[in-house]
Amino acid sequence: MKQTGLFNPKVSLLKNTDFFPAELHMNASPSQLIQWTLERGEGVLSDKKALCISTGKFTGRSPNDRYIVYDDNTANHVYWGAVNKPYPESSYQTLKIRMLRHLEKGSVFVKDTAICSDERFKLRIRVITEKPYQAHFVDNMFIRLNEEEISQFIPDWNIISAPDFEAIPLVDQTESKHFVIIHFSKKEILIGGTGYTGEIKKSVFSILNYLLPLNHQVLPMHCAANEDHKGNVALFFGLSGTGKTTLSTDRRRMLIGDDEHGWSDRGVFNFEGGCYAKCIGLSEEREPEIYHAIKPGAILENTGFYPGTNIPNYSDKSITENTRVSYPIHHVERVKSPSIGGHAGNIFFLTCDAFGVLPPISRLTPEEAKFYFINGYTSKIAGTEEGVLEPQATFSACFGAPFLPLSPHIYAGMLAEKIQKHNAKVWLVNTGWIGGPYGKGERIKLLYTRAMINAVLDGKLENVRFTKSPVFQLSIPSFCPGIPLDLLNPKNTWDNYSDYYCQANHLKKLFSENFTENFSSTEEHGSREIKEVLL
């Protein structure tokens, strides 16, 4: 076995496992990983020297192929169902061994890294991949270690990712050839059949959503976070495509992180060390911080080019609408270091409303905050998951159901306690459509959404009169600096009031059905008091 790079010689590559790849590259530098990617024909450089790759067949996550090993550890803790599918422990080891035999035939690239900016909860992660661009992605997205830390590195968890290895469904007890399998007892994750790098990122998020509440009473959150010069922290919850990265990356504030955080007894902390932003429609004018973060070291995924050039065309949807860029968080000019803040004072629930009936911004009562959080209404944006070609109305508990191994009531209850204890204000922000549903109305301008959020953070809505919106009875400001008055009340943006009421009542019915089906059968964490919100 040919081996290069820095590592801890006292620790085996995989504990209690024979694994001897033909070539093993440990903790190679980003520049070396980029060079190998270019030499293997798996990427090219853009005009700004960012690495441009294709993730192959999969350009988004495949949530139907995610499993958790069912054993004594997980049996009574995991919220089993369509999201958390049980995987037989008897099949795991066989699949893993075949996967390792596949990897032994070629080059393997390993990154030793860490997650959680708060040292009290930090986990050391070893990621074993067969693509150099995957190892570079890990270096971008997670917490980078210095040479001393690597020389003493002992992994808490191992991730094995092999895009070119496929399962045999009838043999391996999977539904398809691709898979993500989390084994909490062995502290391992297997990812096969997909080159989409987001699967690595979100599998790590999934394990934190299990471990932190159970072991440390820390609330894991699918949200971005930033703070002002006075230390006032804001959180931005939302599913992919609703604007977390865009709205939290603000030149007026310090970025704590763009996607995944914990809220402990001391405050908010970032899980990651990088950002993973959507690029579709990206422009220097609309999103200058993200645009300028795309430079040497960044990785562009599935982005098209202008013909005959290496200049990315961020309007090109021919491969996918889920074009992405990953970059280390220090590529952003205004970043909090370390990525830790105090307790949140303002919380924004970002929802992309494909029906076009929710207000652009509304202030939530504590009961409404619980209701909208546990329902997690938004629209899946094209490309973020396989098969999603246009926005689809969906309900994703806690704005992150695909990544929640525990009952949504646990996360909702913990957030409600944080809101009450720290007197946080909660706002529902529609980053979707107004004036009509998808296909007829228009998507709310980013300029307006930023202005409304800035008005909240600057205290400019504190003395404004609030009125109730039609149907949903949400509290909407009667005035907001820089915003046309008619825009604040969604009804006024429609040409036909009756069409608005028809769509609004339809969405209200969907909310009621989702809550009744999934949450109202239990009295946990205030279900009885919040089920009256839409009545």
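Above: the structure in question.
Now for a description of the structure that goes with this document. Per chain, the residues get numbers from 1 upward, laid out in the order the sequence is written. Whole-chain, interface and lining totals are the exception, using all residues; otherwise, since this is a predicted model, local features are given only for residues with pLDDT of at least 70 and side-chain atom pairs are given and counted only at 80 or more. The side-chain quantities take in all heavy atoms of the structure and omit both hydrogens and water.

We now examine the overall build of the protein. Starting at the N terminus, helices and strands are each numbered in turn, a helix being any DSSP run of H or I of at least four residues and a strand any DSSP run of E of at least two. Helices and strands together make up the secondary structure of the protein, namely 14 helices and 30 strands. For a compact globule the rule gives 2.2 Å times the number of residues to the power 0.38, and the radius of gyration it is set against comes from C-alpha atoms. A globule of 535 residues ought to have a C-alpha radius of gyration of about 24 Å, and the protein, at 23 Å, matches this closely. Burial analysis of the protein (535 residues in total) assigns 61% to the buried set. Pairs at least 24 residues apart make up 71% of the contacts formed inside the protein by residues separated by at least 6 positions. Per-residue accessibility takes into account occlusion by the displayed protein chains alone, with areas from the Shrake-Rupley method and a 1.4 Å probe. If you sum the accessible surface of the protein, you get close to 21,400 Å²; carbon and sulfur atoms cover 49% of it. Between the averaged position of the 57 positive side-chain charges in the protein and that of its 60 negative side-chain charges there is a distance of 3 Å. Working definition: with a 1.4 Å probe on protein chains only, accessible area under 20% of the residue-type maximum means buried, over 50% means exposed, and in between means partly exposed. Only heavy atoms enter the contact rule, under which two residues are in contact if any of them lie within 4.5 Å. Charge convention: Lys and Arg are scored as positive, Asp and Glu as negative, and His as well as the terminal groups of each chain are ignored. To locate a charge, the coordinates of NZ of Lys, CZ of Arg, CG of Asp or CD of Glu are taken.

Next up on the list: the nonpolar core. Ranked by size, the top nonpolar core spans 86 residues in total, and within it Leu235, Phe237, Ile347, Phe349 and Phe472 carry the most contacts. With eight residues, helix 6 (residues 198-216) is the single largest residue contributor to this core. By size, the runner-up hydrophobic cluster in this structure holds 25 residues, among which are Leu247, Leu457, Phe466 and Leu488. We define the nonpolar core as a collection of buried residues of types Ala, Val, Leu, Ile, Met, Phe, Trp, Tyr and Cys that are connected through side-chain atoms lying within 4.5 Å of one another.

Moving on, we get to the sheet that holds strand 11 (residues 188-192). Here nine strands make up an open sheet; going across it, the order is 1-2-7-8-9-11-10-5-6 and the pairing mixed. Of all the strands in the sheet, just strand 1 (2-5) and strand 6 (85-88) have a single pairing partner and so form its edges. Adjacent strand axes in the sheet meet at a mean angle of 20 degrees when their direction is disregarded. DSSP-based pairing: two strands are paired if at least 2 bridges between them are found. To get an axis, a line is fitted to the C-alpha atoms, and for a helix only the part in contact is used. The angle between two axes follows their N-to-C directions and goes from 0 to 180 degrees.

Here we come to the pattern of salt bridges. A side chain of one charge can pair with a side chain of the opposite charge if their charged atoms are brought near each other. We define a salt bridge as a contact between a side-chain nitrogen of Lys or Arg and a carboxyl oxygen of Asp or Glu at a distance within 4 Å. Applying the stated criterion to the full structure yields 25 salt bridges. Among the salt bridges present, the one from Glu104 reaches Arg101, with a minimum N-O distance of 2.8 Å. Here Arg101 and Glu104 lie together in helix 2 (residues 89-104), a separation of three residues that amounts to about one turn. By relative accessible area, Arg101 is classed as partly exposed at 34%. Here the salt bridges do not stand alone but share partners, grouping Lys201, Lys202, Lys244, Asp259, Glu260 and Glu272 into one network.

Turning to unusual backbone geometry, a few remarks are in order. Of note, the amide linkage connecting Ser337 to Pro338 takes the cis form, showing an omega dihedral of -5 degrees. The phi angle at Asn16 is positive, at roughly 60 degrees, despite the residue not being glycine. For Asn16, a relative accessible area of 75% translates into the label exposed.

Let's shift gears to the pairing of strand 15 (residues 260-263). Burial along strand 15 is two-sided: the residues Glu260 and Gly262 and His261 and Trp263 are all buried. Direction of pairing for strand 12 (residues 219-227) relative to strand 15: antiparallel, over a ladder of four bridges. Bridging from a neighbouring strand, Leu219 pairs with Trp263 of strand 15. Bridging between strand 15 and strand 16 (residues 268-270) involves three bridges; their strand directions are antiparallel. The residue bridging His261 from the neighbouring strand is Asn270, located in strand 16.

Let us now look at a nonpolar patch on the surface. A patch consists of residues whose relative accessible area exceeds 30% and which take part in no salt bridge; residues with like charges are grouped when within 9 Å of each other, and nonpolar side chains (Val, Leu, Ile, Met, Phe, Trp, Tyr) when within 5 Å. Judged by side-chain polarity, Ile168, Leu170 and Val171 come together as a nonpolar surface patch covering roughly 330 Å² of accessible area. Along the chain, Val171 turns up in helix 5 (residues 169-172).

To continue, consider the packing of helix 9 (residues 366-375) against helix 13 (residues 497-518). Where helix 9 contacts helix 13, the axes come no closer than 10 Å and their chain directions differ by 80 degrees. The orientation of helix 9 with respect to helix 13, classified from their angle, is roughly perpendicular. Between helix 9 and helix 13, the contacting residues are Phe371, Tyr372, Ile374 and Asn375 on the first element and Phe511, Asn514 and Phe515 on the second. With respect to orientation, any angle under 35 degrees is reported as roughly parallel, any angle over 145 as roughly antiparallel, any angle of 65 to 115 as roughly perpendicular, and every other angle as oblique.

Given a helix with a known number of residues, its expected span is that number minus one, times 1.5 Å. Taking 1.5 Å of rise per residue, 12 residues should cover 16 Å, and helix 11 (residues 446-457) covers 16 Å from first to last C-alpha, within 8% of that figure. For helix 11, the full list of buried residues reads Leu446, Tyr448, Thr449, Arg450, Met452, Ile453, Asn454, Ala455, Val456 and Leu457. Here the buried face of helix 11 lies against strand 13 (233-237), helix 7 (244-248), strand 22 (344-351), strand 23 (361-364), strand 26 (425-430) and helix 12 (485-488). Phi turns positive one or two residues past the end of helix 11, at Gly459, with a value near 75 degrees.

Here the focus is helix 2. Taking 1.5 Å of rise per residue, 16 residues should cover 22 Å, and helix 2 covers 23 Å from first to last C-alpha, within 8% of that figure. Among all positions of helix 2, only Ser91, Tyr92, Leu95, Lys96, Met99, Leu100, Leu103 and Glu104 are buried.

Locating Glu42 in the fold gives a position in the loop between helix 1 (30-39) and strand 3 (43-45). Any N or O atom pair separated by 3.5 Å or less is treated as a polar contact, with the protein-specific requirement of one donor-capable and one acceptor-capable atom, and with residues adjacent in sequence counted only for side-chain atom pairs. At 3.2 Å, the side chain of Glu42 and the side chain of Arg40 are in polar contact. Side chain to side chain, Glu42 and Lys131 meet in a polar contact 3.1 Å long. Leaving out residues up to four positions away in the same chain, Glu42 has contacts with Thr37, Cys52, Ile53, Lys131, Pro132 and Tyr133.

Let us now look at the side chain of Glu301. Relative to the helices and strands, Glu301 resides in strand 18 (residues 299-301). No salt bridge is formed by the buried Glu301; the nearest opposite charge belongs to Arg324, separated by 6.3 Å. A distance of 2.3 Å separates polar atoms of two side chains, one belonging to Glu301 and the other to Thr197. Beyond its immediate chain neighbours, meaning those up to four positions away, Glu301 contacts Ile53, Thr55, Phe137, Tyr196, Thr197, Tyr276, Thr323 and Arg324.

Strand pairing in a sheet takes place through backbone hydrogen bonds and is either antiparallel or parallel in direction. Within the open sheet, the five strands sit side by side as 3-4-18-21-17. Their pairing is mixed. The open sheet has two free edges, formed respectively by strand 3 and strand 17 (274-278), since each of these has just one partner strand. Sheet twist, expressed as the mean angle between neighbouring strand axes with direction ignored, is 25 degrees. In this sheet, strand 4 (residues 51-53) lies alongside strand 3 in antiparallel orientation, the contact comprising three bridges. Note that in strand 4 the partner of Val44 across the bridge is Cys52. The sheet contacts of helix 1 involve strand 3 and strand 4, and relative to strand 3 the element is tilted by about 115 degrees.

Function-wise, these values are silent; they only describe arrangement.
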